[in-house]
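Coordinate inspection notes
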Amino acid sequence: MGMPVVLSDSILLTSGQANNLNAAKMQPASRRAFFVREFLFIITAPSAANPFDQGNYHSFGAFIRAQIKMGPHALMTEPQPIWALAPPRHWVGGSFRSLTGAFVAAQRAWTSFDRWVLPKPMFVPGNAGLDILLSRGTDIDTNFPGLVSSNFEARVAVIGEYADKIMPVSDVPFVSSFFPEAGRMYSNDRELKNTLDRDIELQRFIGRIFNNDATFGFGAVGDEGVNSWGGSGTTAQQTIKIQDPQNYYVTGVPYGGFAPFNNVFPWNGRTWTFKKLLQPGQNFHAALGVAPTVSTRPLVSLVGSRKERV
Amino acid sequence: MKNLIWPSLTTRASPDTTRAAAPRVRLPPTPKPIPPPRVALPGQPGQPVTLVGGVTLNPGDSSEVNTDAFLNPTHFPLEVRELKWGLATPSAVYTGSLFSGFTVDATLRLGPVGRDAAGVDQFEALTAAPVPLTLLGRCVDPGLESVVQTQIVGAGSVVTLDEPLYIPPGQGLSARFGHRNLFAAPITATLAVSGKLVDKMPAKRAVPYWAPFLPPAYSQVGSGNTTDLVRVSTERDLANLTGGPLRVRRITGRIGVYTASALYTLLSDNGDGTFFAKLLQITSMRASNGCVIVKDAMPFGAVFPAWTLALESPFVMQPKSYINVALKLTAMAGTNVVNQIQPGMCLCGYRDFGGK
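Attention in this report is confined to the structure presented alongside it.

Rules used throughout
Residue positions are given per chain, counted from 1 along the sequence in the order it is written. Chain labels run from A onward and ligand labels from 1 onward, assigned in the order the entries are written. Under the rules for a predicted model, residues below a pLDDT of 70 receive no local features and side-chain atom pairs below 80 are neither given nor counted, while totals for whole chains, interfaces and linings still include all residues. Based on all heavy atoms of the structure, the side-chain values leave hydrogens and waters out of the count. Strands here are runs of E lasting at least two residues and helices are runs of H or I lasting at least four, both read from the DSSP assignment and numbered beginning at the N terminus. When a residue's accessible area, from a 1.4 Å probe over protein chains only, is under 20% of the maximum for its type it is buried; when over 50% it is exposed; and in between it is partly exposed. Should any heavy atoms of two residues lie within 4.5 Å, those residues are counted as being in contact. Per-residue accessibility takes into account occlusion by the displayed protein chains alone, with areas from the Shrake-Rupley method and a 1.4 Å probe. DSSP bridges decide pairing: two strands pair if at least two such bridges lie between them. Helix axes are fitted to C-alpha atoms over the stretch in contact, other axes to C-alpha atoms as well, and angles between N-to-C directions run from 0 to 180 degrees. Stacked, tilted and edge-to-face are the three classes applied to pairs of Phe, Tyr and Trp rings, where Trp contributes its six-membered ring and a pair requires centres within 6.5 Å; stacked means planes under 30 degrees apart, edge-to-face means over 60, and tilted covers the rest. Residues grouped as a nonpolar core are buried Ala, Val, Leu, Ile, Met, Phe, Trp, Tyr and Cys residues, joined through side-chain atoms within 4.5 Å. We define a salt bridge as a contact between a side-chain nitrogen of Lys or Arg and a carboxyl oxygen of Asp or Glu at a distance within 4 Å. When two cysteine sulfur atoms lie within 2.5 Å, the pair is treated as a disulfide.

**Structural notes on the overall build of chain B**
In terms of helices and strands, chain B carries 4 helices and 20 strands. Looking at the 356 residues of chain B, the share that counts as buried comes to 51%. Contacts in chain B between residues far apart in sequence, at least 24 positions, make up 83% of those at least 6 positions apart. About 16,300 Å² of surface is accessible on chain B, with carbon and sulfur atoms providing 55% of the total.

Listed below in structure tokens is the structure:
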């Protein structure tokens with residue numbers, strides 16, 4: 001058990017922009033080797049009137065994508081929504097909050113972040129740093145004109161501990177997701193896939209439904225919100241079926257049927273934890289029962305880790 | 001005298017005869033100097049036990065809880081897993097107030113409570129200094145511990161010990177509570193010690209230890225306040241003063257917020273967190289051995305995230321070592337908040353006793 005270490009940096013992102021965090025701040029003092037235990041993503045949307053009033057719930061995790069590399073090893077082969085990395089620790093209908101409504105002082109609790117506790121602590125040798133690219137796509141922003149012009153402040157905090165000894169091998173996480181645009185109901189061959197040349201030890205699926213609802217104010221977004229697109233409501237219930245690499249259906253009864261989204265990814269954690277080895281090139285296939293729209297977009301991701309020589 | 005008729009009945013007239021015939025009596029060994037508890041109640045291993053004590057404090061007061069409250073009243077060791085504290089105010093004037101564990105601090109010791117002065121040296125200090133109750137453990141539920149301004153009276157939480165605390169028979173916890181004068185009414189502070197009875201004390205056991213850093217509060221940090229914004233800990237804060245290695249399990253970090261108005265008095269943990277967990281910067285955090293924990297200035301909330309309000313990273317601290325922290329409140333220009341905030345941090349660790 002080494003001493004703790006915390007690294008952090010932030011950037012401002014306008015719509016369609018991508019930028020790297022300061023690499024020097026992503027290395028500990030004296031470039032010592034360390035273990036990463038968790039990542040925190042803290043996103044706030046400043047406004048001129050009050051820089052911290054707006055949208056302080058973790059819905060912003062759907063807007064920002066992250067691509068992280070440890071030395072030459074990528075934790076994801078393409079930028080992934082922050083929502084895809086970690087399950088919400090505290091799912092509440094309250095995640096469905098207005099982005100533009102100002103909260104009174106007493107309601108400003110700082111829950112506008114996502115916390116990704118890695119499947120296994122990742123060893124980062126002294127000669128390798130963390131390269132973190134954050135981007136803000138236009139695919140969601142365009143649905144929220146009120147936000148397009150504002151900067152999101154995206155902060156990443158890396159929490160870990162100094163390494164007592166040098167490790168020859170590191171447990172590097174891997175994430176692949178399926179976050180379809182409006183109308184697309186099936187994952188493609190590049191999604192939910194092991195794109196590496198080595199086995200991935202899977203840890204969990206994460207499933208969430210991004211949506212917005214004007215009845216909660218202009219630009220109100222959340223993880224499913226209160227209208228229960230995931231399966232327990234009465235309108236347009238989302239369903240899903242997932243096939244494993246051997247084409248066996250892992251959801252749905254009878255086989256091949258669709259299961260309510262919320263049965264697979266219940267509100268308490270939005271996660272489906274399991275252990276499986278995913279071999280190089282293998283992938284899962286996900287199919288949705290209801291076509292996504294711009295205001296209801298399901299997200300399914302798989303999270304695991306693999307061993308890399310460092 | 002010899003019996004010439006019945007030789008077998010010959011006896012000796014010596015007084016030694018009677019002594020030799022008496023059975024031998026073996027005295028019991030000297031009892032060990034463990035006096036039984038003054039109050040011995042029935043109990044058996046495995047039985048759950050909760051000891052509860054409390055005290056009502058006026059603002060600024062400090063008082064010891066009844067010495068019998070946390071005494072192990074049985075003949076078996078008590079394995080403690082949880083400490084549960086609660087706060088309430090008996091004042092009807094403040095029934096609409098919300099207040100936090102920052103308002104009361106605790107000094108905890110383990111030893112032969114209720115004995116005479118000769119037993120003082122046998123106490124093990126569990127706290128390096130008075131610790132606000134909210135800093136004893138990590139956040140249990142952010143939805144509960146973040147501020148929600150409703151008609152909630154009082155506060156409370158549970159501190160789950162990572163490793164059990166053993167209270168021998170006849171010994172107990174000594175708890176002293178202090179009203180930190182952040183709340184203008186009396187407060188009743190209660191503590192419950194929960195666990196179960198076990199057969200015997202383990203050969204190796206751990207005792208929890210808390211070492212806080214409680215800088216002076218930022219008062220009236222409203223718009224325009226640009227002075228007196230830096231707080232730096234000393235070598236007495238966040239320090240291992242135990243004399244042995246301390247296995248630190250986490251560092252808790254919270255921000256108490258309080259606002260007084262004509263209608264309510266608001267005291268909360270992590271309240272208004274978007275402001276203060278972001279505006280309050282940790283500019284430096286270093287261990288006394290030179291290890292840099294926080295290199296670049298970053299928000300308080302980046303080190304102590306709202307889900308846990310703790311830096312969960314176990315490590316070992318050597319005796320007399322400490323962690324040095326520098327805090328700075330960034331400029332508040334343009335904001336509309338007139339509050340007072342009380343940051344606090346606390347090392348939560350364990351000392352080992354016995355074993356190899």
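Having seen it, we continue.
**Some words on the sheet that holds strand β13 (residues 239-243) of chain A**
All names here are of chain A. Spatial ordering of the open sheet is given by β14-β13-β16, a layout of 3 strands whose pairing is antiparallel. In the strand order of this sheet, the two ends are held by β14 (259-260) and β16 (285-288), each with one partner. Pairing of β13 with β16, which is carried by 4 bridges, proceeds in the antiparallel orientation. The partner of Q243 across the bridge, within β16, is H285.

**Focus on the side chain of H73 of chain A**
If you trace the backbone, H73 of chain A turns up in strand β5 (residues 73-74). When near neighbours in sequence (up to four residues on either side) are disregarded, H73 of chain A contacts I68, V172, R306, E308, R309 and V310 of chain A.

**A few points about unusual backbone geometry**
All names here are of chain A. Located in the positive-phi region is S30, a residue other than glycine, with phi close to 60°. Inspection of the secondary structure assignment puts S30 in the loop between β2 (18-20) and β3 (34-44). The class of S30 is exposed, set by a relative accessible area of 69%.

**What about the sheet that holds strand β7 (residues 155-167) of chain B?**
Residues and elements named next belong to chain B. Ordered by their spatial adjacency, 4 strands build an open sheet running β1-β9-β3-β7, and the pairing between neighbours is antiparallel. Of all the strands in the sheet, the pair left with one neighbour each is β1 (48-57) and β7. The mean angle between the axes of side-by-side strands here comes to 15°, regardless of whether they run parallel or antiparallel. Here strand β3 (residues 78-88) pairs with β7 via 9 bridges, running antiparallel. In the strand pairing of β7, G86 is matched with G156.

**Quick notes on the packing of aromatic side chains**
Residue and element names in this part refer to chain A. As enumerated under the stated definition, the model contains 9 aromatic pairs over all chains in all. Relative to F274, the ring of F205 lies with its centre 5.2 Å away and its plane at 35°, an arrangement referred to as tilted. Highlighted residues: F205 in strand β11 (residues 200-212) and F274 in strand β15 (residues 271-278), separated in sequence by 69 residues. With respect to burial, F205 and F274 carry one shared label: buried.

**Here's the deal with the nonpolar core**
F39, W116 and L130 of chain A together with I323 of chain B are the most contacted members of the largest nonpolar core, which has 93 residues in total. If we ignore the near neighbours within four places in the chain, the residues touching I323 of chain B are S233, D237, L238, I251, M285, R286, A287, I293, F315, M317 and L347 of chain B.

**A short note on the pattern of salt bridges**
Pairing between side chains of opposite charge can happen when the charged atoms of each approach one another. All names here are of chain A. As enumerated under the stated definition, the model contains 26 salt bridges over all chains in all. For the salt bridge of E38 with R115, the shortest nitrogen-to-oxygen distance reads 2.7 Å. With a gap of 77 residues between them, E38 in strand β3 and R115 in strand β7 (residues 113-124) connect regions that are remote in the sequence. The same class applies to E38 and to R115, which are both buried. The residue R184 makes a salt bridge to E181 at a minimum N-O spacing of 3.2 Å. Accessibility expressed as a relative area gives 42% for E181, which makes it partly exposed.

**Some words on the state of the cysteines**
In this structure the tally under the stated criterion is 0 disulfides over all chains. Take C348 of chain B: it sits in no disulfide, and the sulfur closest to it among the cysteines is that of C346 of chain B, at 4.6 Å.

**Examining the pairing of strand β9 (residues 187-197) of chain B**
Residue and element names in this part refer to chain B. By the criterion of burial, β9 is predominantly enclosed, with 8 of the 11 residues buried. Pairing of β1 with β9 involves 10 bridges; the strand directions are antiparallel. Note that in β9 the partner of L57 across the bridge is I187. Relative to β9, β3 is paired through 10 bridges, and the arrangement is antiparallel. Directly across from L78, in β9, lies its bridge partner L197.

As far as function goes, none of this settles anything; it's purely spatial.
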